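Inside the fold
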Amino acid sequence: MGRSFCNRRDRIGLTGFKSGIHLDTSGRLEKWVGRDCCKWEGISCNNKTTRVTEIHLPGFISTDDFIFQSKMEGKLSPSITLISFLEVLDLGGLIGLTGEIPPLIGSRLPKLRKLYLYGNKLSGSLPESIGKLSKLEELQLHENSLSGSLPSSLGKLLNLNRLLLYTNQFWGSIPESLTSLSNLVTLDLHGNSLTGRIPEKIGALEVLKELDLSDNLLTGKLPSSLTNLTSISVLYLDTNLLEGEINFPTSSAQMPSLGFLRLHDNHLTGRIPPTFGNLVSLQRVSLANNMLEGEIPSTLGNLLAVTEIYLNGNRLSGIIPKSIGKLSGLLFLSISNNLIKGPLPFEISSLQNLQTLDLSFNRLNLASIPKWLGGMPSLCRIFLAGSGIQGEIPEFLRTTPSPILELDLSVNHLTGSMPTWLGSLTRLYSLNLSRNSLVSIIPDSITKLQDLGVLDLHSNQLTGSISKIFKIESRFEEGSLTYIDLSENNFSGGIEGIGVGTQCQIEFLNLSHNYLTGRLPISIGKLGSLRTLDMSYNGLGFNLPGSLANISFLEKLKLQKNRFTGAIPNGFSKLSKLRELDISDNLLVGRIPDGKPFSEFPKSSYSGNTGLCGKPLSPCKF
């Protein structure tokens, strides 16, 4: 008959771990009573040796009935390394574990196969001894606060198939030794501060399927050995400082499974290689925000599986190739901020599934929006800013097969009025008509745009009242609008509507450079989410409403060049998040509220109000 109790050393290790924890919302540790730790919740033992082999205490607990996110607060005790037969240690996603990874973990736990400590608050470095865990198959330490450089001993973990160290604070270079991990399937180091080059021999990882080195500070060129990654399906190298040309694939048989490629936000130069069309499994590709030039290769038309293409923010020139029309599965196409010329190929109209088309800020000089664009069956997000469009807003946008959700026609040469049929676009979430030459009032029908979240009409010649904006009906109790910019127009009335009605979730409100007069309504205090308020360069007067002090999130307040009178309400000192203030050139008098933030602003914030005194201006004499 075997021994009935678990090994004493294992029990000491477990009770040491338990004593480091002062909060366990799952209640698992309080059930750790009695001498037989093999019966404790989350513990597994080998029946023959009665040694503890597995600790399963993940933060995410899922049963047939419910899913529960539990939390443990306390320090990870090094006594865990006394459990020398341990094969699986799962303390992942407990949110509150602090302390360090025990420095001797590699020498003490030689049988460890899986180590999950992700989603905690662990700090310190990754111990050099980690390289002694020769049986380790999975190492998941992501989403902690680990720092220091990655030990080159990681290259000794020849059985490792998953290495997840992302979202930590690791620095230094990626150890060359990682290229020895011939069984590695997933390598994810994104969201650190790693520097230096991508190891030249990265292509030796023949079974690697997912490589994510994004969001670091990596430099140098793309290693030519990348083409040897024959199993790769996910390759994310974006948001680094990589330079040079895109040098893969070099032939048609390479990277046959690559489905997801991100190279955006680097310093890549040269052309998009014509061989790019050989990556026939590509589903999503982003080359955005680099310095790529030359024409878009017509071979992109061979990427028949592709659903999303991001080429924006480069120096691409020429015209859009007709072959784009072959990409029948394409949902999203962004080529904005390049040097692409018009005309648009009619073949784009055959993209039956295209939902988003962003061609803004090129050299298209369209003169008018092609009528076929309004007939594309799935198109609901249209971005044609800076495209040289002239004349009135075309009426065919009223009857598109898919309801328009986002429309950006800013920075064009649109004339005429805001059409009354705009109110029939009831699914519209974002409307940007700024920087045109529209001359009209805001049509009453705008109140029917019940999903509208973003409205940008700045820099036109619009007139009349702004009150309709605040009367927009909403399906949401607090309103849908978060961003309103009506600046640089000729509006002259309607400020009494601010904060009246359902639109109370506004975060950005810019009404500057108009002809608004009267007093700021007390109801403005109901805009509790407001972060930016700009009413400068108008003819507003009377006292500042004390209710402004209720807007506790306010970060930017610009009221200069008006005719406000009276004192700055003392309650304004509650605006602790205020970072930018300009109330210059008004008729304000009295003491500036004491203390932060008002005493910290420069004198220029208050200049041109002859009656103001107190810090940072000269002291008050009364």
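Residues numbered from 1 in each chain as written. Predicted model: local features only at pLDDT ≥ 70, side-chain atom pairs only at ≥ 80, totals over all residues. Heavy atoms only, no water.

A closer look at the overall build of the chain
The number of helices and strands found in the chain is two helices and 44 strands. Overall, the C-alpha framework of the chain stretches about 90 × 70 × 50 Å when taken along its three principal axes. Burial statistics for the chain: of 622 residues in total, 56% are counted as buried. Considering only intrachain contacts with a sequence separation of at least 6, the fraction spanning at least 24 residues in the chain is 57%. Total accessible area computed for the chain in this model is approximately 26200 Å², and 50% of it derives from carbon and sulfur atoms. Computed over 58 positive and 53 negative side-chain charges, the inter-centroid distance for the chain is 5 Å. (Helix = DSSP H or I, 4+ residues; strand = E, 2+ residues; numbered from the N terminus. Buried < 20%, exposed > 50% of the residue type's maximum accessible area, 1.4 Å probe, protein only. Contact = heavy atoms within 4.5 Å. Areas by Shrake-Rupley, 256 points an atom, 1.4 Å probe, with all protein chains shown as cover. Lys, Arg positive; Asp, Glu negative; His and termini not counted. Charge placed at Lys NZ, Arg CZ, Asp CG, Glu CD.)

Looking at the UniProt feature "domain: Leucine-rich repeat-containing N-terminal plant-type" (unreviewed entry) in the chain
Within the UniProt annotation, "domain: Leucine-rich repeat-containing N-terminal plant-type" (unreviewed entry) is assigned to residues 10-46. The span residues 10-46 shows a helical share of 27% and a strand share of 19%, and its end C-alpha atoms are spaced 12 Å apart. (UniProt positions renumbered as here; feature names shortened; annotations may be inferred.)

A short note on the state of the cysteines
Tallied over the entire structure, the rule returns three disulfides. Through a disulfide, C38 is tied to C45; the S-S separation comes to 2.1 Å. Its S-S torsion of approximately -95° makes the covalent link between C38 and C45 left-handed. Each disulfide pairs two cysteine sulfurs, and for C613 the partner residue is C620, the sulfurs being separated by 2.0 Å. The sign of the S-S torsion, about 100°, decides the handedness of the disulfide formed by C613 and C620: right-handed. (Disulfide = S-S within 2.5 Å.)

So, the sheet that holds strand β6 (residues 72-75)
With mixed pairing, three strands are arranged side by side in an open sheet as β1-β6-β8. The open sheet has two edge strands with one neighbour each: β1 (21-24) and β8 (95-98). Shown here is a sheet whose adjacent strand axes are inclined to one another by a mean of 10°, direction ignored. Summarising the sheet, β1 and β6 pair through three bridges and their orientation is antiparallel. Its bridge partner lying in β6, I21 is registered against G74. (Pairing = 2+ DSSP bridges. Axes fitted to C-alpha atoms, helices over the stretch in contact; angles between N-to-C directions.)

Some words on the pattern of salt bridges
For the structure on display, the rule yields 15 salt bridges. Of the charged contacts, one joins R284 and E308 as a salt bridge, the two residues approaching to 3.2 Å between their closest N and O atoms. One end of the pair, R284, is in strand β21 (residues 284-286); the other, E308, is in strand β23 (residues 308-310), with 24 residues separating them in the sequence. The exposure class assigned to R284 is partly exposed, which follows from its relative accessible area of 41%. With a relative accessible area of 17%, E308 lands in the buried category. (Salt bridge = Lys/Arg side-chain N within 4 Å of Asp/Glu carboxyl O.)

A closer look at the packing of aromatic side chains
Enumeration over the complete set of coordinates arrives at eight aromatic pairs. Pairing F598 with F601 gives two aromatic rings, centres 6.2 Å apart and planes at 85°, and the pair type is edge-to-face. Of the two residues, F598 and F601, both sit in the buried class. One aromatic cluster is present, formed by F17, W32 and W40 through successive ring pairs. Here the basic side chain of R519 rests over the ring of F542, its NZ or CZ set 4.3 Å away from the ring centre. Here the basic side chain of R531 rests over the ring of F553, its NZ or CZ set 5.0 Å away from the ring centre. (Phe/Tyr/Trp six-rings, centres within 6.5 Å; stacked < 30°, edge-to-face > 60°. Lys NZ or Arg CZ within 6 Å of the ring centre and 35° of its normal.)

Quick notes on the environment of E210
Mapped onto the fold, E210 is located in strand β16 (residues 210-212). On the accessibility criterion, E210 (37% relative accessible area) is partly exposed. Sequence separation between E210 and N289 is 79 residues, and the spatial gap between their C-alpha atoms is 23 Å. In this view, E210 contacts V185, T186, L187, I232 and V234; residues no more than four positions away in its chain are not counted.

A closer look at the side chain of D90
Tracing the sequence through the fold places D90 in strand β7 (residues 88-90). Notably, D90 is buried but unbridged: the nearest opposite-charge side chain belongs to R28, and the N-O separation is 7.9 Å. At 3.0 Å, the side chain of D90 forms a polar contact with the backbone nitrogen of G92. Setting aside its immediate chain neighbours within four residues, D90 contacts I55, H56, L57, P58 and Y116. (Polar contact = N/O pair within 3.5 Å; in protein donor to acceptor, adjacent residues only side chain to side chain.)

Topic: the side chain of R28
Its location among the elements puts R28 in the loop between β1 and β2 (43-45). Buried within the structure, R28 lacks any salt-bridge partner; D24 is the closest side chain of opposite charge, at an N-O distance of 4.8 Å. In this structure the side chain of R28 is engaged in a polar contact, spanning 3.3 Å, whose partner is the side chain of S70. For R28, the residues in contact, after removing those within four places along its chain, are E41, H56, L57, P58, I61, S70, M72 and L94.

Regarding the pairing of β6
Burial along β6 is one-sided: the residues M72 and G74 are buried and none of E73 and K75 is. One ladder, built from four bridges, connects β6 with β8; its direction is parallel. Residue K75 lies in a different strand from β8, and its bridge partner there is T98.

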